[in-house]
Amino acid sequence: MARAISNTWDRLMNWFLEARHATYGLALLRIGLGASTVVILAMYLPNFSYTFGHGSQWGSAMFRDSSVHSYIWPISALFSRTDPDPLILAKILVLMAVAVAYTLGWRMRVVSPLFVALWLGFTTLDPVVTNTGHYQTFRLFIIFLLFADTSYRWSLDARRRAKRVGRRGLEPQRLGIGKWRVPQWFPVLSNNVAVVLIAYQLCVIYVTSALWKLQGSTWVTGVASYYPLQVEELTLVPWLNHLAWQVTPAVFIASWLSVYGQLLFPVLLLNRWSRIVGLVLVTGMHASIAILLALPWFSLMMILGDMIFVRDRTWRRLADWLKARFGKSPLHTAQRELAEPEPKRAGGATPATAGAPPAPELVAN
């Protein structure tokens, strides 16, 4: 018993300290969150005064402080609802520029905390609009990503580090002040803790959503899916919704799969093949919600978050397949820019070839 506990602890420590996990998934999450910020803000620009500026003062609820958006200084001072509209517009444009840099992965040690501070400050302008489900998830994700190395893949920072190492033969610069440097394992641990936090948040969202749906009979009978498909305000493609709600068995099966796919999602993560099933279920559910119920942003946030459960080796295989089919693809080039060798165990064996199984996988790495 003691030996089993010791082996489990060693595997857990190896998982946290040997190598960064979900590097591609984190990069996709960074790109998706940054790009969606630019798009969302651009959609608000034509009527930003009525939502965030002087014109929003007509509604007391939209102008009232919210404890959810009470942040410490200096975040609380970045945006103010007493600012004139031109100043608010200028600040929004600055936030969009920072979001572009965030998407590209440029100077992330500075840009990432700046993006988080600006976004949190921006949300104080309208605690009603920016307190919906996908904004709450968005806020948690970008805070968790502060601990992750989001520029490790598919970023301008990764390209710059690769050139520095390849052309000058220099080691990547470690974090520190003056001559003092943090241990090499610390950034790895921080990255993997961020992965666990994101994974935990996703599991909480899925399980609590499923438990809430099981409180009544509407989801079990399929009614919760049947009637929303006929609501005109939630229709993007009328003929597709019309086709979907007429196929009663499909609506019933989809309702059951969405409920129990969410409820069992943490359990499905424990095995490689069941994890694939779980990802297909939740990704299909979110894609259906985005298309059939006109709720694209929350679905996008969740799909991007789910990408951390796809193993790095799967992304590498995809890159190799793209290279074999189309030549030197951008995906293949990017994943080779800053390749991290597989961590070695005692005796020179890598985790893929060692006799002992890998650490229990909360996430797919």
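These numbers come from a predicted model, not from an experiment.

Novice: What is the right way to read a nonpolar patch on the surface from this model?
Specialist: A grouping of F252, I253, W256, L257, Y260, L264, V267 and L270 is seen on the molecular surface, where their side chains present a nonpolar patch of about 760 Å² in accessible area. For the nonpolar patch, the leading source of residues is helix α13 (residues 248–263), giving five residues. The residue L264 is located in the loop between α13 and α14 (265–268) in this model. You can call L264 partly exposed: its relative accessible area is 41%.

Novice: Help me out: how do you make sense of the nonpolar core in this one?
Specialist: Side chains that are nonpolar tend, in soluble globular proteins, to be buried together. Residues L33, W119, F122 and I198 are the most contacted members of the largest nonpolar core, which totals 63 residues. Breaking this core down by element, the ones donating at least two residues are α1 (2–17), α2 (23–44), α6 (85–104), α7 (108–123), α8 (133–144), α10 (185–213), α15 (272–292) and α16 (296–306). In terms of residue count, α7 provides more of this core than any other element does, nine residues in total. If near-sequence neighbours (up to four positions away) are discounted, I198 is found in contact with L26, L29, F141, F144, L145 and I308. Ranked by size, the runner-up nonpolar core spans five residues in total, among them W245, V251, L292 and L293.

Novice: What's the story with the confidence of the model for the protein chain in this structure? I'm lost.
Specialist: For any part of a model where pLDDT is low, the fine detail of the predicted coordinates should not be relied upon. Residue-level pLDDT values for the protein chain average 81, and 83% of them are 70 or greater. Within the protein chain, α6 carries the highest mean pLDDT (94), whereas helix α18 (residues 330–337) carries the lowest (49). Here residues 337–365 is a poorly scored stretch, pLDDT under 50, and it has 62 contacts once near neighbours within four places are set aside; other chains count.

Novice: Quick question: what am I supposed to make of the packing of aromatic side chains here?
Specialist: By convention here, two paired aromatic rings are described through the distance between centres and the angle between planes. Applying the stated rule across the entire model yields 19 aromatic pairs. A ring pair is formed by W154 and W315, whose centres lie 6.0 Å apart and whose planes are at 90°; its orientation type is edge-to-face. Here W154, found in the loop between α8 and α9 (156–168), pairs with W315, found in helix α17 (residues 312–326); they are 161 residues apart in sequence, far enough to count as distant. With respect to burial, W154 and W315 carry one shared label: buried. Here F252 and W256 contribute two aromatic rings whose centre-to-centre distance is 6.0 Å and whose plane-to-plane angle is 40°, an arrangement assigned as tilted. One end of the pair is F252 and the other is W256, both in helix α13 and four residues apart, which spans about a single turn.

Novice: Where do I start with the environment of S49 in this structure?
Specialist: Counting through the fold element by element, S49 comes out in helix α3 (residues 48–51). Taking the C-alpha atoms as reference, S49 lies 8.6 Å from L89; in sequence the two are 40 residues apart. Ignoring sequence-local partners within four residues, the contact set of S49 consists of H54, G55, S56 and D85. Within polar-contact distance, the side chain of S49 engages the side chain of D85 at 2.6 Å.

Novice: Explanation requested: the side chain of D306 in the structure shown.
Specialist: Along the chain, D306 falls in helix α16. For D306, which is buried and forms no salt bridge, the nearest opposite charge comes from R275, at a distance of 11 Å. Sequence-distant contacts of D306, that is, excluding residues within four places in its chain, are made with L202, Y206, F265, L279, V282 and H286.

Novice: Explain the environment of T37 here, please?
Specialist: Structurally, T37 can be placed in helix α2. Distance in space between the C-alpha atoms of T37 and V98 is 9.9 Å, their sequence separation being 61 residues.

Novice: How do you make sense of the side chain of T23 when you look at a structure like this?
Specialist: Within the secondary structure, T23 is located in helix α2. Given the relative accessible area of 2%, T23 is considered buried. Within the structure, the side chain of T23 is placed 3.1 Å from the side chain of R153, a separation counted as a polar contact. Setting aside anything within four residues of it in sequence, one finds T23 in contact with Y152, R153 and D312.

Novice: I would appreciate a short explanation of α15 in the present structure.
Specialist: Side chains that are three or four residues apart share a direction in an α-helix, a result of its 3.6 residues per turn. The terminal C-alpha atoms of α15, which comprises 21 residues, lie 30 Å apart, in line with the 30 Å expected from a rise of 1.5 Å per residue. Inspection of α15 places S274, R275, G278, L279, V282, M285, H286, A290 and L292 among the buried residues, and these make up the whole buried set. Elements in contact with the buried residues of α15: α10, α12 (238–246), α13, α14 and α16. Measuring from the backbone nitrogen of W273 back to the side-chain oxygen at the start of α15 gives 2.8 Å, which picks out N271 as the cap. Residue A294 follows α15 closely and has a positive phi angle near 55°.

Novice: Looking at this model, I keep getting lost on unusual backbone geometry. Mind explaining?
Specialist: Among all residues except glycine, the phi angle is most often negative; among peptide bonds, the trans geometry is most common. Phi angles above zero are rare outside glycine, and A22 is one such case at about 55°. With respect to the secondary-structure elements, A22 resides in the loop between α1 and α2. Located in the positive-phi region is A294, a residue other than glycine, with phi close to 55°. Here A294 lies in the loop between α15 and α16. Among the residues examined, A294 registers a relative accessible area of 24% and is labelled partly exposed.

What counts, and where the lines are drawn
- Residues numbered from 1 in each chain as written.
- Predicted model: local features only at pLDDT ≥ 70, side-chain atom pairs only at ≥ 80, totals over all residues.
- Heavy atoms only, no water.
- Patch = residues over 30% accessible without salt bridge, like charges linked within 9 Å, V, L, I, M, F, W, Y side chains within 5 Å.
- Areas by Shrake-Rupley, 256 points an atom, 1.4 Å probe, with all protein chains shown as cover.
- Salt bridge = Lys/Arg side-chain N within 4 Å of Asp/Glu carboxyl O.
- Helix = DSSP H or I, 4+ residues; strand = E, 2+ residues; numbered from the N terminus.
- Buried < 20%, exposed > 50% of the residue type's maximum accessible area, 1.4 Å probe, protein only.
- Core = buried A, V, L, I, M, F, W, Y, C linked by side-chain atoms within 4.5 Å.
- Contact = heavy atoms within 4.5 Å.
- pLDDT = per-residue confidence, 0-100.
- Phe/Tyr/Trp six-rings, centres within 6.5 Å; stacked < 30°, edge-to-face > 60°.
- Polar contact = N/O pair within 3.5 Å; in protein donor to acceptor, adjacent residues only side chain to side chain.
- Lys, Arg positive; Asp, Glu negative; His and termini not counted.
- Expected span 1.5 Å × (residues − 1).

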